[in-house]
Structure formats: structure tokens, C-alpha cells
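Overview (structure and organization)
These are the residues of each chain, in order.
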Amino acid sequence: MYLANPERYDQMKYNRTGRSGLLLPAISLGLWHNFGGNDVFENGRAMIRRAFDLGITHFDLANNYGPPAGSAEETFGQILRKDLAAYRDELIISSKAGYYMWPGPYGEWGSKKYLVSSLDQSLKRMGLDYVDIYYHHRPDPNTPLEETMAALDLLVRQGKALYVGISNYNAEDAREAAQILRRLGTPCLIHQPNYSMMSRWIEDGLQDVLAEEGIGTIAFSPLQKGILTDRYLKGITPDSRAAGPSVFLSEKEITAEVIGKVSKLNDLAAARGQKMSQLALSWVLRGGKVTSALIGASRVSQIEDAVASLNAPELSAEELEQIENILRG
């Protein structure tokens, strides 16, 4: 029988999410990869148990996570029943809908029909009465934003979600979504964009909007799909994601210029007593603008490394300038 580490809250850092009462761990665990029906169940189980033992209370899912789609939620539901049911009130569990999930006109995007149906399916897969955060996963260019936000508001009023958020929205759409939700009486809690040293689009207006609207930020892909680690410093190995069939990372992204920058960043990390991946997380969390860095993992040691990054000193002004110079090339 699993018993959680009694000291799990002693070391983790928790940050307030925008203008809300919710605190999120500085490191959250995403189940986008490595928790699906095609993966080894006991490995996923070990990672989730270790994450919780380290103070990670937030587990991020979506309807289409797997593969196959839906299976990550099924896996998490099994682990919840086997190990974490007694700790449900200590957990923040999120899901999302927006990408393709089932055939026909109601299986993706942002209609009320799709969002409500999708969350009902997600709750059944996980064996939950409610999720803590429910996101619209991507903007829908053809559905009025008022309808999409009204669906999120409805789900909170039905008790199926405690908080709602958005993901992949640009600054203009995020502001409009937040204002609609505020009028409805269900504030937008959080935005989930991709953000890393090599993907900085949120700095061009979105971060300002989120600060003004009192919305938290949880950054996915803070390690730029594994590029901002020591994984590719000596080239692309046969067992790496870039060498495999993944549609999310290709060999074309691992250029000599990119690896040159990562190599210099790795030297800076070593001088700080960190791994490259830990430096990348320290950078994303710098200055308090990002509430939580959302990591993926394929083994327990990666989660341990990520949490250990929180023990490093804040990046100095000099170090930040060094990083900027390296990134500029």
C-alpha cells in the first residue's frame, strides 16, 4: 500500500496563481507523453508517486493525451484509485479539450457541445467527480469566443470544474476571453502557453496581458522538447525522440547552431552547479512571472532533477545577460 512521504511539502515551492486563492507547485507534471496505453504502466505509476512524494501536487492532462487518445487519463485514473485516492483533496488535476478527439462535427475545437461532452468523458476515464482546472486547449477561429467561454462557465456552475483556463491563446484573444469570463462570474485562472529560452513569443505582449488581468501562467515545453538538456550535445542517438517517429521533434530542429548555443548554456549551468535542464527551468521561473513550469518525464530521475532545480540560487543579472548573449548568437 502506497503511503505518501510525510515530508513532501517541506521543500517544494508553491506560487500563487494570478489573483486567486490557488497555489501551484513551481514544478508541475504533464502526462502528454509516456503515460498512455502504449507505455509501461508501472513506470508511469512510479513517476507519479515520486512526483507527489517530492511535493508536486499538480498533474496536467488533456482528453487526447496518450497514445492512444484518452489513455493517459485512463492510466492516471488507475493510479489515482490504486495509490492517491486518499490524497484527492491535496491534488490539482487538470484536463483540456480543443484538439481532435472523435469523428464528426462535434469532436474538436470550441463548441459548447464538444467542451461539455469531452469533460464528461474525461471524468469517466479518470473516475472523478470534478477536475480542478479545465482548459480550452486552443483557440477556435469559427466558434464565437462567447460560446466557448460560456461553456467553461457552465461547467464550473455544474460542479464539474473548480477553475477554468485557456491554452495557446495570443495576447488579444486571451484578454477578450478573460473579460468575457469575468462578466460571466467565472474568472480565468490560468493560461498554458509553450515557453522556453528558445520559444519566447509570450514576452511579446501576452505576459503583460496576463499580469494586467490577474491570470497565472503555467509554461509547457520549458525544455524545448528536450533540446534544452544535455541529450543532444554529442549528436542524435538512435534511442532519442529526435531519431524516432515523433511528430513533435525532428532531426531538422537539432541544428549545429542550436547545439552550439546549448553547449555554451550547458557550460554556464555547470558553473552554477546545475544540469542544462535545471538551468532551463530556473530561467523560465525567473522573476516570478511564471507560476509553474510544466515538465514531461520518461523516468523518475528526470522529475528528481527538475525539483532539485528549485534549490539553485536565483539567476543573477550578469548570468541573465550571459544567457541573452548566447541566445542571440
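Residues numbered from 1 in each chain as written. Predicted model: local features only at pLDDT ≥ 70, side-chain atom pairs only at ≥ 80, totals over all residues. Heavy atoms only, no water.

- An unreviewed UniProt entry annotates the protein chain as L-glyceraldehyde 3-phosphate reductase originating from Paenibacillus graminis.
- Within the UniProt record for the protein chain, the comment given under Sequence similarities (unreviewed entry) is "Belongs to the shaker potassium channel beta subunit family." (UniProt positions renumbered as here; feature names shortened; annotations may be inferred.)

1. Here's the deal with the overall build of the protein chain
- A tally of regular secondary structure across the protein chain gives 10 helices and 10 strands.
- Taken along the three principal axes of its C-alpha coordinates, the protein chain extends 50 × 50 × 40 Å.
- Put simply, the protein chain has 329 residues, and 53% of those count as buried.
- A total accessible area of about 14500 Å² is found for the protein chain, and carbon and sulfur atoms account for 50% of it.
- Distance between charge centres in the protein chain, computed from 35 positive and 40 negative side chains, equals 2 Å. (Helix = DSSP H or I, 4+ residues; strand = E, 2+ residues; numbered from the N terminus. Buried < 20%, exposed > 50% of the residue type's maximum accessible area, 1.4 Å probe, protein only. Areas by Shrake-Rupley, 256 points an atom, 1.4 Å probe, with all protein chains shown as cover. Lys, Arg positive; Asp, Glu negative; His and termini not counted. Charge placed at Lys NZ, Arg CZ, Asp CG, Glu CD.)

2. Description of the sheet that holds strand S7 (residues 161–167)
- Here 8 strands make up a closed barrel; going around it, the order is S3-S4-S5-S6-S7-S8-S9-S10 and the pairing parallel. Within the sheet, the average angular offset between the axes of one strand and its neighbour, ignoring direction, is 30°.
- In this structure, strand S8 (residues 188–192) lies alongside strand S9 (residues 216–220), joined through 2 bridges in parallel fashion. Note that in S9 the partner of His191 across the bridge is Thr217. (Pairing = 2+ DSSP bridges. Axes fitted to C-alpha atoms, helices over the stretch in contact; angles between N-to-C directions.)

3. Comments concerning the nonpolar core
- Formed by 91 residues in total, the largest nonpolar core has its most connected members in Leu29 and Phe59.
- Beyond its immediate chain neighbours, meaning those up to four positions away, Leu29 contacts Phe35, Met47, Ile48, Ala51, Ile56, His58, Phe59, Asp60, Leu294, Ile295, Ala297 and Ile303. (Core = buried A, V, L, I, M, F, W, Y, C linked by side-chain atoms within 4.5 Å. Contact = heavy atoms within 4.5 Å.)

4. So, the pattern of salt bridges
- Evaluation of the coordinates by the stated rule reveals 21 salt bridges.
- A salt bridge links Asp132 to Arg88; the shortest N-O distance between them is 2.9 Å. Taken together, the residues Asp132 in strand S6 (residues 131–136) and Arg88 in the loop between helix H2 (71–84) and strand S5 (92–97) connect sequence positions 44 residues apart.
- In this structure, the salt-bridge partner of Glu319 is Arg272, at a minimum N-O distance of 2.9 Å. Taken as a pair, Glu319 in helix H10 (residues 317–328) and Arg272 in the loop between helix H7 (256–271) and helix H8 (276–284) lie far apart in primary sequence, 47 residues in all.
- Look at the salt bridges and you will find they share partners, linking Glu42, Arg45, Arg49 and Asp83 into a network. (Salt bridge = Lys/Arg side-chain N within 4 Å of Asp/Glu carboxyl O.)

5. Quick word on H8
- Across the 9 residues of H8, 9 count as buried, placing the element largely inside the fold.
- Every buried residue belonging to H8 is among Met276, Ser277, Gln278, Leu279, Ala280, Leu281, Ser282, Trp283 and Val284, and all of these are buried.
- The inward-facing, buried residues of H8 abut strand S3 (27–30), S9, H7, strand S10 (292–295), helix H9 (300–308) and H10.

6. Section: the environment of Arg299
- In this structure, Arg299 sits in the loop between S10 and H9.
- Arg299 sits in the partly exposed class, given a relative accessible area of 46%.
- A C-alpha to C-alpha distance of 8.4 Å links Arg299 and Ala46, two positions 253 residues apart in sequence.
- The contacts of Arg299, once residues within four sequence positions are left out, are Asn43 and Met47.

7. Some details on the side chain of Asn15
- By the element assignment, Asn15 lies in strand S1 (residues 14–16).
- The exposure class of Asn15 is buried, given its relative accessible area of 16%.
- A polar side-chain atom of Asn15 sits 2.8 Å from the main-chain carbonyl oxygen of Thr291.
- Not counting residues up to four positions away in its chain, the partners in contact with Asn15 are Leu22, Leu23, Leu24, Ala26, Val290 and Thr291. (Polar contact = N/O pair within 3.5 Å; in protein donor to acceptor, adjacent residues only side chain to side chain.)

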